[in-house]
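Per-entry structural report
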Amino acid sequence: MAEKDYGCFVDWTQMGDMAKSSGTSKLDVKDPVELKKLARQGHWSKNHKLRAQVYQQLIKAIPCRTVTPDAEVYRDLMGDDTGKKALSSIPLPDFVDGSAVPHYCLKADAVTAVHRVISCLAEQFPDISHCPALPAMTALLLHFSANEAQCFEHVSCLLACNDPGQRFVDQTFLAYESSFMTFGDLANKYCPAAHKLIVATVQDVVEVYSDWQRWVLGDLPFSHVARVLDVFLVEGYKVLYRVALALLKFYRKQKARDGTQQSEGQKQDSAGVKAEIQAFVKAISSYITPDKLLEKAFSIRLFSRKEITLLQLTNEKSLQQKGITVKQKRRNVQLALNPDTFSSEVVSAKEMKDIWSWIPERFALCEPQLLFTTSTHGCSLNRFYAHVEGHEPTLLLIRTCEADVCGAFLSTDWEERKRGGNKLGFFGTGECFVFRLKPEMERYEWVVIRHPELASTIKAQSSEVPAEDEAPPGKQNSGGDSLPVERPAADPSDRLSPFLSARHFHLNSRNTSMFMAGNFDSIIVGGGEGNALYIDSELNHGRTARCTTFDNPPLCSTESFQVALLEVWGFKDTMASDR
């Protein structure tokens, strides 16, 4: 073992000080507590050969499935003639979701070896459906492998780990999606200043946090990510969360040091902020040493693996309840909406395509299906309910006599209103949104999506609202004028993730936000200090105002309006109809 060359894939000219081997050349420690201490201290970080040997020792100790592919399997499948296939002939599998192979300090032709290893992993692990971190993890371990077969075996062990309390790589979209929601929860709790900066800077906090794993596995320079790998192989997945939180803290400090101030009320594009964080992480060597990064990561107190596991399980369970378990590739909406057959008296085909681009991805492949229109079915709330109940979600479109066009995406079946009897109670989920198309196009999502911190700061209140004739003019349904959100429980497994609730979680009727409501004499969308939309029982007159739920301005040019046409559209599953 001592004679093996563990650097045959490494371009030593890029390794800098890491090319010089120093320090101890042997490690006989097997005690987990001592290994953890030595890993954090960087005991084997100054000797490449020792580091490779320690990695092999640590990975062999990982509990795995009974049948886990090893180096011999790789040799049988790929042979010993490594590196001769052209890079273009070995594409990465779809489950890496477009993630490229980071070159780190690999030789140019070693990137081909990474492609070969991942190609073989895809064959041996057919249950992997979403694993964007795999290219980075494979490239890292190749630096410390004697050959491709050994690298394959090491990555296989990480993928095949069957210890319920330990995991290394997300392998499903459900795990990946819930991980960045969990990161958002942890950032809110353990990095409040940095989290507030992100919330104040961008409209879509979730979109920024969706890159958290890439910051560590992909963007960090090799000198830093190798030190992370030292500890990761000993302590597992929680290390990634700790390091990503530390990067977020350092990013905030750098912004404060640069004196970059965001104008109040002004938001940046999420893609721009993501690129800014990525650039900061890639250049982090100029500001922070690897040891300083780890010191910051492990200085976060009261941060346990149990808390991460509970949050992750809660987030996964909630995503499953909404059916969000796989990544759906969004087709061009032109494929889901045929302009030759689409016909609406409220919006054009182009406007409907614009609305379709806003709806949740899992419905984007559906075709619009007209359920109700006042021009055909008349101006009757009873007929409205008769035609739309049993359909979920629905799209409400309104054209006023003043030629304003507005509407709402409503995530829940209108039949849900019957649970409250004759009382006007709110229901729905945080996927609801309101919009206007004329005089200008604008969408207004649930306020908690833009300000996740509200989920833990606003007191829960009853969702029951007074009837229309009991409310004072101009303040209809203001009995619960602050946004009610479930109060977090002490147990993380019972706590409502603001990122979850913002997109996927179906809140219960007692502690719900004011998304949609209806009874025998009105339908309402949005509540708190007013309603985004209020339509009377004759579907003839309506009102619009700012509401707390969506933080929207009035959706029409006048707050009171007369309805010229009202349509409700459902979502027809074209894939199901083709079967």
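Residues numbered from 1 in each chain as written. Predicted model: local features only at pLDDT ≥ 70, side-chain atom pairs only at ≥ 80, totals over all residues. Heavy atoms only, no water.

Averaged over every residue, the pLDDT of the chain is 82; the share at 70 or more is 80%. Contacts for the low-pLDDT stretch residues 81-88, under 50 throughout, to residues beyond four places or in other chains number 11 contacts. Below pLDDT 50 for its whole length, residues 500-512 participates in 51 contacts with residues either more than four positions away or in separate chains. (pLDDT = per-residue confidence, 0-100. Contact = heavy atoms within 4.5 Å.)

This part covers the nonpolar core. If you look at the biggest cluster of nonpolar residues, it comprises 115 residues, and the most contacted ones within it are Trp44, Phe183, Trp215, Leu220, Phe222 and Val243. Broken down by element, the residue count for this core peaks at 11 residues, all from helix α12 (residues 238-258). Ignoring any residue separated from it by four or fewer positions in sequence, one finds Val243 in contact with Val216, Leu220, Val228, Leu293, Leu294 and Ala297. If you look at the next biggest cluster of nonpolar residues, it comprises 36 residues, including Leu381, Ala532, Leu533 and Leu539. (Core = buried A, V, L, I, M, F, W, Y, C linked by side-chain atoms within 4.5 Å. Buried < 20%, exposed > 50% of the residue type's maximum accessible area, 1.4 Å probe, protein only. Helix = DSSP H or I, 4+ residues; strand = E, 2+ residues; numbered from the N terminus.)

Under the criterion given, the structure shown has 22 salt bridges. Between Glu72 and Arg75 there is a salt bridge, and its shortest N-O distance comes to 2.8 Å. Highlighted residues: Glu72 and Arg75, both in helix α3 (residues 71-78), separated by three residues, approximately one helical turn. Here Arg214 and Asp219 are joined by a salt bridge, their closest N and O atoms 3.6 Å apart. Exposure remark for Arg214: the relative accessible area of 41% places this residue in the partly exposed category. Looking at Asp219, the relative accessible area reads 5%, which means it is buried. (Salt bridge = Lys/Arg side-chain N within 4 Å of Asp/Glu carboxyl O.)

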